[in-house]
Structures are given as structure tokens and as C-alpha cells.
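# Geometric and topological summary
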Amino acid sequence: MIKIEQLHKSYPIGKDSLHVLKGIDLHIKEGEFVSIMGSSGSGKSTLLNIVGLLDVHDEGNYYLNGQLIKDMNEKKAAQLRNKFLGFVFQSFNLISYKTALENVALPLYYKGINRKERLKIALDYLDQVELKDWANHLPNELSGGQKQRVAIARALVTKPKVVLADEPTGALDSTTTDSVMDLLKDINDKGMTVFVITHEEEVAAQTKRIVRLKDGVIISDELTKAAKAV
Amino acid sequence: MFDLDRWREIFQSINKNRLRSVMSGFTVAFAILLFTLLFGIVSGLSNSFKGAFADDAQNSMRVRVWKTSKPFKGLQTGRRIQLRNDDYNYVADEYANKIQYQSARIYKNFTIKYKNEASTYNVRAVNPDHQFLEKTIIDEGRFLNERDLREKSKSIVIGRLVKEDLFGERPALGKRVNVNGSSYLVIGIFSDEGGDNEERMAYIPVTTAQMMYGNNDYISQIVLGYNPNLSLDRAIAFGNQMERDLRKKLNIHPDDQSALSVRNMAEANKGVGQFMGILYAIVILIGSGTLVAGIIGISNIMIFVIKERTKEFGIRKALGAVPSSIVGMVVQESVLITTIAGYLGLSLGTYILTLIGDSLEEDYFIKDPSVSPGIVIGATIVLILSGLIAGYVPAKRAANIKPIEALRAD
């Protein structure tokens, strides 16, 4: 599903440049539940952004669903994101003036689905995250955990191949963290590839494979107990 | 292309961000309001100027004579110049193809009497064409005709106010009035837009006057209407030519303005035309400046708005929005706001102009100020274009920000 070969990325800082990713090789197959661990500055967010087509890499090859990602323009990237990827962000990134239901329906708007259909689908997904009753509330009327569940419903609504979660529990307390992780596990059980970035060991432990990153290189890549238990 | 979903997005965005929308609309509305008022007021001024000349035909010319002020060919200064039928016919023959209407004019001051009512009035002895030169409006009966002149008939056309003075509510047409001791038949009653003085007056045939009062062929003035097909410049040249020819014919020094002069409406028209042209140019300059200021205002607000929404755009892009859909959305929103705001400004402006109406005519020479449909359409196009530009430039830039940077924005 995701295949990365010798990926390099640096950011210019003034005259110098900061080499963030120094040759990453990573292969994630369909249906995997992978977490990327690392302290801040390890390059894990950069990796996710490149995988999520939100940013471009400098060197190396990246294949998404077998397709080589190269010379992407914004339009093509946007279409691929809409088709293959679902995002869950640490800060939820819901649009503040839209209701929960409208937020979930938004990716379907960009897919070109008509309003009636998209609101129906969106309500269905809100139901799956147990927020059907909150459909017409604005984000600021929801708790952190509820917001993240709305964001997850939004990530899932286009039936993406891969769900990318950037510190999905970073802004949540432990109880809500568990409910969000349960939700991600459910998604993975249904066959979707889930790619989580975290710095919390407990969160990583709930995934099936942990890739540890330090200073822009992979230092370990192993299956977890959860994976072995299956 | 009509995309209901797109409109729904836009209305939601406008509705949820009312203050922002109102702010950006306000600058445009205000600019258009000023533009409309400026244009309306100048058109009002223009109307007043046109109205000031409404009394006489726009193409009228007058040959007038007084005393000479310069000696010429051994003739003394102070000689009184007299126009005669001969001069009248000379003008008619010499410039036949440059003249639309021609009339002689003799000024008299007579007491007109009907039964017990009597009063003194200006009486003008004229030719039939005079009706068109003076824009005399016939309310009842008819004006003088060629037959009246041929037969030197004692017919009289009286002004509306003369009729009111002498006849009151009673009918006057076909009645006989006593003019300076002779009996005249009232053949017509007229009104005139030139005001009360023009309506407290009467017309008689020029031939009758020459026969009855002096038995000579004197005339006081020659009144002409130049051929309207002539351009202003050619009409002015015609007037100058006629002035030179007549001075020559009457043995007047070529530069003697006080002996004979031709007053030519073409010159006045040209002057007014130039004046209004300059006024309009100034207004267009100021008006466009105001519009440009409005456009810059909305552009600034749009830049701010788009900065504020950068994160939202980032989210939308992460969810699959292509850049063009974001640019399209912003531009459409901007065009919508400018168009609505502009129309509010335009409507308010025209409403104020209607309220002003003719109330400023007396003191400020502003009569019936209004904006023409052409201006309205032009302003609308400018509005839509300005909305396009104001939205497009910053939106294009925002859409090109990498989504990762947009998402980081706060």
C-alpha cells in the first residue's frame, strides 16, 4: 500500500538547511496498523506529511497504492488525497462554522456527491462513532473526544485506503484516548490501513507494528504483542 | 455554471462571518454611493444648463444693430444702423442652404384692450417661422401664416397671460381686440417655456406692422435658425461670415461690434458643451478614483480574510479540495459581496438623487439629478470586475500555499 525507498527531506532554514529525513525505507502493506514513534524533531510528522501528500520529498521513491508519487501538482495531490487518504489531526481541524454533520460531509462534496446523498452517508458515519445525536452541533459545542470522533468519521467517510493519524490522542485525556484508539482498532479490523504517529508508548502498544524514528532514520521496526496475539 | 452546492458553501461562509462580509461590502457600497451622487449632481447641473437655453431654439441666431462706433469710408461715428426688408431678403438669398428658419422682428409696445380690460404689452411683428425660432407653443387656434403676411391681415396671436389678463376664463379665440386703436382678430393663444415675460406678449404679422406703423420697410432684428445639419464649428463660421457680409453691405467698419452683431447660439452651445465636457471629465476622474479606492479597500479586506481562512483552506485541501475550487469559492464570494453591496450603494444613491429632485434648482442650479442606465450598467460591470480582482489575487496566493503550511497557520 505504502512503499518508501531511500526517502530524504530537508527544510531550508535561512542559508542552511535542516536535514530531517535521512534515507527512510518503509513498506506498509494493506490492512496494517502501524505506529511511528519518536521524540519531537525525529522527523515523524514530516514523514506523515509526505505520506499524506501534504508535503513533497526531495529524494527517493514513494509509491502509494502502487503509483509512483512524483512531480505532483496540487490538483493531482488533492484528488489522490480525496480518493485514498483520510486524515485525523491532533488539533482535530474541524471547520468551526460547520456543524459536525457538515464537517463529516465535506470530503464527499469534493468527491462530487450530491448534497442529499452526502448528508445521508455522513450521518451514517456519525452514527458509527456514536455521535448521531450531535450531528447538528458546532465543533465548539463538543468535547475534545467528541471532536476527534467527528474528525475520524470525516476521515472515514470517503472509504479511504489509508487513514493517517497525527498524534490523534495528543490533546485528549486517557479515557477518551482509549475510546479513540478503540475506534482506530475497529477501523483496522475492517481492513483499512491505519498509520498513526505518536510519542505515547501506551498508544503505540495498541497498534500492531511500531516503527521507531530517531534523527531522521529508522532505528527499529517490530511487531507488537497485539499483533502476535492475533 | 450554476453549482447549488458552491452557492450553499458561500452563503454559509458569508452568513457565519457577517461582520467580515459587512465590512468588505461597506467600502464598495460607500464608493458606489459617492460615485452615483457625483454623477447625478453633475447631470443635474447639465440639465440646468440645457434648461437655461430652452427658451429659444438651440440653433437660433440673431442679427442686431445699434449705432456705429467707428468711422468708415467717410461716414461718421454714431450713425444709426437700420435693417430693412432688403437686408432680410439678402440674407435669405445669400445663405438659403444654411438656414432652416428665418424671421424678421419689429418690437412694439401697444395697449391692447378688450371690453373694459386694457393693458400695455410688448408686441412683436414677425414672420411665420418665428414660431419655431422662439419655440412658441400654440395652445389654441394657430400661429401667423404666409397668407396673413401677404394680406397684411390684422391678426394677432396672444400669450397665455395676455389672454388671462383681458379675457379671464372667457374664450378669446375669434374675438376682436383693440391694439393701439385698430381692431385685430385673435387667431391664436400661445404659451412659452421661457417664463412669464414670454407669455405676456403678442405676435402680429411683420408686414402689417410695417404698413400700419410708419409705412416703411424697417425691421428691428433678423432672427435665424441655422441648418441643424451644420456642425457647431461650421455654424459658427456661418455666423461670422454673415456678420462680415452684412457689415460690408451696410457700410460698417469690419470690426465695429457695437453697430452690428450676430448672436449665435452655436457659440454658446459650444461653450456649454466644452464646459460640461470638462465637468464630466473631472467627475469621471474623481468617480473612478473613488471606485479604485473602494476596490483597494475590498482587496485589503479580502487579503485579511484569506489570511484568516488559510487554515480552513488547508483543511479543505487535505480533504481533497483542488486549488481551483478554493479560488473559485473565494472569488465567487467576493463578487457576490461586491455586487450586492454595490447595488445597495447604487440604489441608495439614486434614491437620494430622487429625494433631491428639483429642490436644489433655485440655489445650486441642480435640476432633476439622475444617473443614466448606461452609467448603472457600466458601474455594475466595474463592480463585478473589481470583485473578481479583489478576490482572485489573494485567493490564488492562498490556494498555492502548501497544505502543510496552511494547516499550521493560526
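Numbers given for residues are sequential positions, taken from 1 along each chain in its written order. Think of it this way: whatever chain is written first is A, whatever ligand is written first is 1, and the rest follow in order. Since the coordinates come from a predicted model, pLDDT governs what is reported: local features require at least 70, and pairs of side-chain atoms require 80 or more to be given and counted, while whole-chain, interface and lining totals use all residues. Calculated side-chain values reflect all of the structure's heavy atoms, with hydrogen atoms and water omitted.

Turning to the sheet that holds strand E2 (residues 16-28) of chain A, a few remarks are in order. The strands making up a sheet are joined through hydrogen bonds of the backbone, oriented either antiparallel or parallel. Residues and elements named next belong to chain A. Pairing between strands requires that DSSP locate at least two bridges from one strand to the other. Runs of H or I in DSSP of at least four residues are treated as helices and runs of E of at least two as strands, each being numbered from the N terminus. Judged by pairing direction, the sheet is antiparallel, and its four strands sit side by side in the order E2-E1-E4-E5 without closing on themselves. Edge positions in the sheet fall to E2 and strand E5 (67-68), since each has one partner strand and no second. Looking at chain direction, strand E4 (residues 59-64) and E5 are connected through two bridges and run antiparallel. Bridge pairing in E5 places leucine 64 opposite glutamine 67. Contact definition: two residues touch when any of their heavy atoms are within 4.5 Å. Orientation is described by axes fitted as lines to C-alpha atoms, over the contacting stretch for helices, and by angles from 0 to 180 degrees between their N-to-C directions. Lying on the sheet, helix H1 (residues 44-51) is in contact with strand E1 (2-13), E2 and E4; it crosses E1 at an angle near 115°.

Our focus in this paragraph is the interface of chain B and chain A. Listed as interface residues are 25 residues of chain B and, on the opposing side, 26 residues of chain A. Here the buried area means the combined drop in accessible surface, using a 1.4 Å probe, for two parts upon being joined, counting both sides. Where chain B abuts chain A, roughly 2,500 Å² becomes buried across the two surfaces, and 57% of that area is made up of carbon and sulfur atoms. The salt bridge criterion pairs a side-chain nitrogen of Lys or Arg with a carboxyl oxygen of Asp or Glu, the two atoms within 4 Å. The tally of links between chain B and chain A comes to two salt bridges. With a shortest N-O distance of 3.8 Å, Glu74(A) and Lys317(B) are connected by a salt bridge. Polar contacts here mean pairs of N or O atoms no more than 3.5 Å apart (in protein, one a potential hydrogen donor and the other a potential acceptor; neighbouring residues in sequence count only if both atoms are side-chain atoms). For the pair chain B and chain A, the number of links is 10 residue pairs in polar contact (both at pLDDT 80 or more).

The next subject is the domain arrangement of chain B. By the assigned domains, chain B splits into domain 1 (4-52 + 271-408) and domain 2 (82-249). In this document the domain limits rely on a domain assignment from an automatic tool or a database. Summarising the inter-unit geometry, the C-alpha centres of domain 1 of chain B and domain 2 of chain B are found 56 Å apart.

Now for unusual backbone geometry. As a rule of thumb, non-glycine residues mostly have phi less than zero, and peptide bonds are mostly trans rather than cis. Residue and element names in this part refer to chain B. Of note, lysine 73 is a non-glycine position whose phi angle comes to about 50°, a positive value. Relative to the assigned elements, lysine 73 resides in the loop between strand E1 (60-65) and strand E2 (83-84). Backbone geometry places asparagine 180, a non-glycine residue, at a positive phi of 50°. As for its position among the elements, asparagine 180 is in the loop between strand E7 (176-179) and strand E8 (182-191). Partly exposed residues are those whose accessible area sits between 20% and 50% of the maximum for their type, while under 20% is buried and over 50% is exposed, using a 1.4 Å probe and protein chains only. With a relative accessible area of 45%, asparagine 180 lands in the partly exposed category.

Further remarks concern a nonpolar patch on the surface. All names here are of chain B. Nonpolar side chains (Val, Leu, Ile, Met, Phe, Trp, Tyr) are joined into patches within 5 Å and like charges within 9 Å, using only residues with over 30% relative accessible area and no salt bridge. For the area figures, the Shrake-Rupley method with a 1.4 Å probe applies, and any residue is considered shielded solely by the protein chains shown. A cluster of nonpolar residues, Ile377, Ile381, Ile384, Leu385, Leu388, Ile389, Tyr392 and Val393, forms a patch on the protein surface that exposes about 730 Å² of accessible area. Looking at the secondary structure, you find tyrosine 392 in helix H14 (residues 373-400). Accessibility expressed as a relative area gives 41% for tyrosine 392, which makes it partly exposed.

Looking now at the sheet that holds strand E8 (residues 193-198) of chain A. All names here are of chain A. Strand order in the open sheet formed by six strands is E6-E7-E8-E3-E9-E10, and the pairing between neighbours is mixed. Two strands close off the open sheet at either side, each with one partner strand: strand E6 (85-88) and strand E10 (217-223). Neighbouring strand axes in the sheet, compared pairwise and without regard to direction, differ in orientation by 15° on average. Bridging between strand E7 (residues 162-166) and E8 involves five bridges; their strand directions are parallel. Along E8, the bridge assignment pairs aspartate 166 with isoleucine 197.

Quick look at the pattern of salt bridges now. Counted according to the given criterion, the structure contains 27 salt bridges over all chains. For the salt bridge of Glu32(A) with Arg209(A), the shortest nitrogen-to-oxygen distance reads 3.0 Å. Of this pair, Glu32(A) sits in the loop between E2 and strand E3 (33-37) while Arg209(A) sits in strand E9 (residues 209-214), and the two are 177 residues apart along the sequence. Here Glu32(A) falls in the buried class, since its relative accessible area comes to 15%. In this structure, the salt-bridge partner of Lys249(B) is Asp87(B), at a minimum N-O distance of 2.6 Å.

So, on to the environment of Thr207(B). Residue and element names in this part refer to chain B. Within the fold, threonine 207 resides in helix H8 (residues 206-212). Residues threonine 207 and leucine 149, spaced 58 residues apart in sequence, show a C-alpha to C-alpha distance of 5.6 Å. What threonine 207 contacts, discounting residues up to four positions off in sequence, is Asp148, Leu149 and Lys152.

Residues and elements named next belong to chain B. Each aromatic pair joins two rings of Phe, Tyr and Trp (for Trp, the six-membered one) with centres within 6.5 Å, and gets the label stacked for planes under 30 degrees apart, edge-to-face for over 60, and tilted for any other angle. Taken as a whole, this structure holds 12 aromatic pairs over all chains when the rule is applied. Ring geometry for phenylalanine 39 versus tyrosine 280: centroids 6.0 Å apart, planes at 45°, classification tilted. One end of the pair, phenylalanine 39, is in helix H2 (residues 18-52); the other, tyrosine 280, is in helix H10 (residues 265-308), with 241 residues separating them in the sequence. Its relative accessible area of 7% is what places phenylalanine 39 among the buried residues.

On to the pairing of strand E11 (residues 221-226) of chain B, then. Residue and element names in this part refer to chain B. Counting buried positions along E11 yields six of six residues, so the element is predominantly enclosed. Side chains of E11 alternate between two faces, with Gln221, Val223 and Gly225 and Ile222, Leu224 and Tyr226 buried alike. Pairing between E1 and E11: five bridges, direction antiparallel. Of the residues in E11, the one forming a bridge with serine 60 is glycine 225. Taken together, the six bridges between strand E3 (residues 99-114) and E11 define a ladder with antiparallel strand orientation. The residue bridging arginine 105 from the neighbouring strand is glutamine 221, located in E11.

Residue and element names in this part refer to chain B. Those residues of helix H3 (residues 85-94) not exposed but buried are Asp87, Tyr88 and Val91. Axial view of H3: buried residues confined to an arc of 105°, hence all on one face. Against the buried residues of H3 lie E2, E3, strand E10 (218-219), E11 and helix H9 (232-249). It is the directions from the helix axis to the C-beta atoms that the arc portrays.

A separate point is the nonpolar core. Throughout this description, the term nonpolar core refers to a set of buried Ala, Val, Leu, Ile, Met, Phe, Trp, Tyr and Cys residues connected via side-chain atoms within 4.5 Å. Core analysis: the biggest nonpolar cluster contains 84 residues, and Ile2(A), Ile4(A), Leu26(A), Leu47(A), Tyr62(A) and Phe195(A) have the highest contact counts within it. For this core, the element with the highest residue contribution is helix H12 (residues 323-356) of chain B, accounting for 12 residues. Discounting chain neighbours no more than four positions away, the residues touching Phe195(A) are Ile2(A), Leu26(A), Ile28(A), Val34(A), Ile36(A), Leu47(A), Leu48(A), Val51(A), Val162(A), Val163(A), Leu164(A) and Ala165(A). If you look at the next biggest cluster of nonpolar residues, it comprises 50 residues, including Val91(B), Ile156(B), Ile204(B) and Leu260(B).

All right, on to a negative patch on the surface then. Residue and element names in this part refer to chain A. A grouping of Asp124, Asp127, Glu130 and Asp133 is seen on the molecular surface, where their side chains present a negatively charged patch. Within the secondary structure, glutamate 130 is located in the loop between helix H4 (115-128) and helix H5 (144-156). Residue classification places glutamate 130 among the exposed positions, given a relative accessible area of 66%. Positive residues here are Lys and Arg, negative ones are Asp and Glu, while His and the chain termini are left out of the count. The atom standing in for a charge is NZ when the residue is Lys, CZ when it is Arg, CG when it is Asp and CD when it is Glu.

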